[in-house]
Amino acid sequence: MITVIGFDGGPLPDAARAALAEATLVVGGRRHLDAVGTGVPETAARLVLGSLDGMFEEIARHEHVCVIASGDPGFFGIVRQLREYGLDISVLPAASSVATAFAAIGLSWDDAIVVSAHGRELRPVANVCRAFPKVAVLTGPGTGAKELAAVLPERTFIIAQRLGHPDQRIDSLDSRVAADTEFADPHVLLCLDESRLTSERGWIAGFPGGPGAWALAESEFAHRASMITKFETRALALAKLGPRPGRLVWDIGAGSGSVGVECARFGAAVVAVEHDAQSCDRIRANAATHDVTVEVVTADALAVLSRLPQPDAVFVGGGGTDVIAACAETPATTVVVALAAIERVPEAISILTKAGRTVDGALLQSSRLSALPGDAHRFAATNPVFLLWGERR
């Protein structure tokens, strides 16, 4: 019998105490073992949880095992590894550390995105924090509040340390301050964009998935004199950019920002670069209309690209061949380029190819249904667009 006991610092329930009293092996972090020590038989072996090497084999050799873990061990916890090893377990959970952290500040969390940075790459976690207004992060050494604060300067950080213990601590800090502060590992971080926090009642927890519709009509965006990526082009561009939570998309020469806004609707983090200040205002308005976050940078692209966070995909809607070349050299897996002039296509193909990318493309030429007098209709041709994409794995 293997019993996994969630520990939140409070008294253990009767079932947990009964399991500990029969245990021949107790596994857990040192602080967990110290906390439950009086309820463990003197004859029981103790295994301090550090590396998982050999742990499962040791557990399998014992008849009665208790594994002590923080909070709810089925929530980004050890339950998964025990099951994957083939062990039959029962779980006695406590409140998850995320629930406890939100409760400590009196904030609902059914609309929060929960991600784990423990033993994982920091960049996708940071991108989720860029894209969503309410994110809980389970941290680890080197992937905690200090490191995230260094790349997320405009957020409020709630840092919960040693939850459930007598020395529990909850700090609310500007992320600029958090970047210069040390925290106990591990801790729970709540990353909040307070300008976008709402109290609307939802029906599904966390990220609700992709939007119900995409390649929206141009009328869904504020734009200047039809200077907007048409929905047919946008549909194929989105398919190649692959926006989703954890990814960062650059929208370069963004214009109205329609491509970037649509990427953000899929949960991606987005940085839109546009040199025209009035167009930047439109991008912000379009993002607000569709209730998404788009970071807008007012500048010539070549002057700022090197200072932007690393992209996973790039859309180039304007800026010239030098901008295409700069984007092609980024680590992005995909660079999508929209061109109106046929003369620019060969050069763009050459640039993407020289950057080590496999290049493909399409000429998009559509005719839209248009009404005529007398309940008649015709198909009216739109201007053709060349869409190229260069991919690198």
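Participant: I'd like a rundown of the nonpolar core, residues and numbers included.
Facilitator: Core analysis: the largest hydrophobic core is formed by 51 residues, its most contacted members being Val135, Val137, Leu148, Phe157, Trp250, Ile252 and Cys327. Per-element accounting of this core gives the leading share, six residues, to helix H6 (residues 122-131). For Val137, the contacting residues outside a window of four places in its chain are Val115, Ala117, Val125, Cys129, Leu148, His187, Val188 and Leu189. Within the second largest apolar cluster, 29 residues are counted, among which are Ala264, Ala287, Leu387 and Trp389.

Participant: I'd like a rundown of the sheet that holds strand S2 (residues 25-28), residues and numbers included.
Facilitator: Reading across from one edge, S3-S2-S4-S1-S5 is the order of the five strands in this open sheet, with parallel pairing throughout. Whereas interior strands pair on both sides, the edge strands pair on one side only; in this sheet they are strand S3 (45-48) and strand S5 (89-92). For this sheet, the mean angle separating the axes of adjacent strands, direction not counted, is 20°. When strand S1 (residues 2-7) meets strand S4 (residues 65-70), the two strands line up parallel, connected through six bridges. Along S4, the bridge assignment pairs Ile5 with Ile68.

Participant: Kindly report on the packing of helix H9 (residues 231-241) against helix H10 (residues 258-265), identifying the contributing residues and their values.
Facilitator: In the contact formed by H9 and H10, the axes pass within 11 Å of each other and the chain directions differ by 50°. Considering the angle they form, H9 stands oblique to H10. Pair H9 / H10 crosses with right-handed handedness. Counted together, Arg234, Leu238 and Leu241 of H9 and Ser258, Val259, Glu262 and Cys263 of H10 form the full contact between these two elements. Tallied by class, the residues present in the contact of H9 with H10 amount to four nonpolar, one polar and two charged.

Participant: Explain the pattern of salt bridges to me, using residue names and the numbers behind them.
Facilitator: For side chains of opposite charge, pairing can occur when their charged atoms come near one another. On inspection of all chains with the given rule, the structure shows 16 salt bridges. Across the salt bridge formed by Glu182 and Lys146, the nearest N and O atoms sit 3.6 Å from each other. Here Glu182, found in the loop between helix H8 (175-178) and strand S10 (187-192), pairs with Lys146, found in helix H7 (residues 145-149); they are 36 residues apart in sequence, far enough to count as distant. By relative accessible area, Glu182 is classed as exposed at 63%. With a closest N to O distance of 2.4 Å, Arg176 and Glu154 form a salt bridge. Note that Arg176 is positioned in helix H8 and Glu154 in the loop between H7 and strand S8 (156-161), a separation of 22 residues in sequence.

Participant: Give a description of the packing of aromatic side chains that names residues and reports values.
Facilitator: Tallying each qualifying case throughout the model produces five aromatic pairs. Where Phe56 meets Tyr85, the ring centres are 5.1 Å apart and the plane angle is 20°; that geometry is what we call stacked. Of the two residues, Phe56 sits in helix H3 (residues 55-60) while Tyr85 sits in the loop between helix H4 (79-84) and S5, which places them 29 residues apart along the sequence. Taking relative accessible area as the criterion, Phe56 reaches 12% and is therefore assigned buried. When the ring of Phe132 is compared with that of Phe207, the centres are 5.4 Å apart and the planes differ by 70°; the resulting orientation is edge-to-face. Here Phe132 is found in the loop between H6 and strand S7 (134-138), whereas its partner Phe207 is found in the loop between S10 and H9, with 75 residues between them in sequence. A relative accessible area of 13% means that Phe132 is categorised as buried. Residue Phe207 is classed as partly exposed on the basis of its relative accessible area, which comes to 29%.

Criteria and cut-off values
- Residues numbered from 1 in each chain as written.
- Predicted model: local features only at pLDDT ≥ 70, side-chain atom pairs only at ≥ 80, totals over all residues.
- Heavy atoms only, no water.
- Core = buried A, V, L, I, M, F, W, Y, C linked by side-chain atoms within 4.5 Å.
- Buried < 20%, exposed > 50% of the residue type's maximum accessible area, 1.4 Å probe, protein only.
- Helix = DSSP H or I, 4+ residues; strand = E, 2+ residues; numbered from the N terminus.
- Contact = heavy atoms within 4.5 Å.
- Pairing = 2+ DSSP bridges.
- Axes fitted to C-alpha atoms, helices over the stretch in contact; angles between N-to-C directions.
- Parallel < 35°, antiparallel > 145°, perpendicular 65-115°, else oblique.
- Left-handed = near helix turned anticlockwise from the far one by under 90°.
- Nonpolar A, V, L, I, M, F, W, Y, C, P; charged D, E, K, R; others polar.
- Salt bridge = Lys/Arg side-chain N within 4 Å of Asp/Glu carboxyl O.
- Phe/Tyr/Trp six-rings, centres within 6.5 Å; stacked < 30°, edge-to-face > 60°.

Just geometry here; none of it tells us what the structure is for.
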